[in-house]
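Here's the letter readout for the chains.
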Amino acid sequence: MMISTLRISQVYVLDQQQALDFYVGTLGLEVGDDQDLGFMRWLTVRTPDGHQILLERPGPPSMDDRTAEQVRDLVTKGAAGGHLFFTTDDAQAMYEQLVERGVDITDEPERRPYGLDFGLRDPFGNHIRIAELSDVPTAQASA
């Protein structure tokens, strides 16, 4: 038995509408699911290859109110942010576009063994890296 794919990742956000505006309006992802389940809003965005990211507001049912408050505090400080790694065909152009849109850039584009990449944060402190991968196979790039 083997795992064949990853369908959904998750990051904590404090405001799901603001997160939707950022991930769809700024980064160009698509809305995946947006459902009011009564006890929570199930909101995902989707990459062109079909991977979904759950934009989860800390709270029930995954945690009690006290824990959710602690997690929201950590997210506000940028200490509980998730990590997302995206690829693009043109990292430099994407970097320039995101700078124009006022995105919080943490690392300017830099050539690395695996390609050109840069870092940024979403409005909630989640860390994001965007890379234009070179033709070097992954095993060689990490060696």
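Residues numbered from 1 in each chain as written. Predicted model: local features only at pLDDT ≥ 70, side-chain atom pairs only at ≥ 80, totals over all residues. Heavy atoms only, no water.

### Things to note about the nonpolar core
Part 1 of the reasoning: Formed by 29 residues in total, the largest nonpolar core has its most connected members in Tyr23, Leu55, Leu120 and Ile128.
Part 2 of the reasoning: Elements with a minimum of two residues in this core: α1 (16-26), β3 (41-46), β4 (52-56), α2 (65-76), β5 (83-87), α3 (91-100), β7 (115-121) and β8 (127-133).
Part 3 of the reasoning: When near neighbours in sequence (up to four residues on either side) are disregarded, Leu55 contacts Val11, Val13, Gln16, Ala19, Leu20, Tyr23, Leu43 and Val45. (Core = buried A, V, L, I, M, F, W, Y, C linked by side-chain atoms within 4.5 Å. Buried < 20%, exposed > 50% of the residue type's maximum accessible area, 1.4 Å probe, protein only. Helix = DSSP H or I, 4+ residues; strand = E, 2+ residues; numbered from the N terminus. Contact = heavy atoms within 4.5 Å.)

### Thoughts on a negative patch on the surface
Part 1 of the reasoning: A contiguous patch of negative charge, built from Asp89, Asp90, Glu96 and Glu100, is present on the exposed surface.
Part 2 of the reasoning: Tracing the backbone shows Asp90 in the loop between β5 and α3.
Part 3 of the reasoning: Residue classification places Asp90 among the partly exposed positions, given a relative accessible area of 39%. (Patch = residues over 30% accessible without salt bridge, like charges linked within 9 Å, V, L, I, M, F, W, Y side chains within 5 Å. Areas by Shrake-Rupley, 256 points an atom, 1.4 Å probe, with all protein chains shown as cover. Salt bridge = Lys/Arg side-chain N within 4 Å of Asp/Glu carboxyl O. Lys, Arg positive; Asp, Glu negative; His and termini not counted. Charge placed at Lys NZ, Arg CZ, Asp CG, Glu CD.)

### Focus on the packing of aromatic side chains
Part 1 of the reasoning: Considering all chains together, one arrives at two aromatic pairs under this definition.
Part 2 of the reasoning: With centroids separated by 5.1 Å and ring planes inclined at 90°, the aromatic side chains of Phe22 and Tyr23 adopt a geometry described as edge-to-face.
Part 3 of the reasoning: Classification of Phe22 by relative accessible area gives buried; the value is 8%.
Part 4 of the reasoning: By relative accessible area, Tyr23 is classed as buried at 0%. (Phe/Tyr/Trp six-rings, centres within 6.5 Å; stacked < 30°, edge-to-face > 60°.)

### Focus: the sheet that holds β8
Part 1 of the reasoning: Reading across the sheet, the four strands line up as β5-β8-β7-β6 and stay open at both edges, with mixed pairing between neighbours. The open sheet terminates on both sides in strands that have one partner only, identified here as β5 and β6 (104-112). Sheet twist, expressed as the average angle between the axes of neighbouring strands with direction ignored, equals 15°.
Part 2 of the reasoning: Note: β5 against β8, five bridges, orientation parallel. What sits directly across from Phe85, in β8, is Arg129. (Pairing = 2+ DSSP bridges. Axes fitted to C-alpha atoms, helices over the stretch in contact; angles between N-to-C directions.)

### Considerations on the sheet that holds strand β1 (residues 8-12)
Part 1 of the reasoning: Spatial strand order, β1-β4-β3-β2: four strands in an open sheet with mixed pairing. The open sheet has two free edges, formed respectively by β1 and β2 (30-36), since each of these has just one partner strand. Mean inter-strand twist for the sheet, computed between neighbouring axes without regard to direction, equals 25°.
Part 2 of the reasoning: As judged from the five bridges shared by β1 and β4, these two strands associate in the parallel manner. Bridge pairing links Ser9 to Ile53 in β4.

Functional significance is not addressed by these values, which are geometric in nature.
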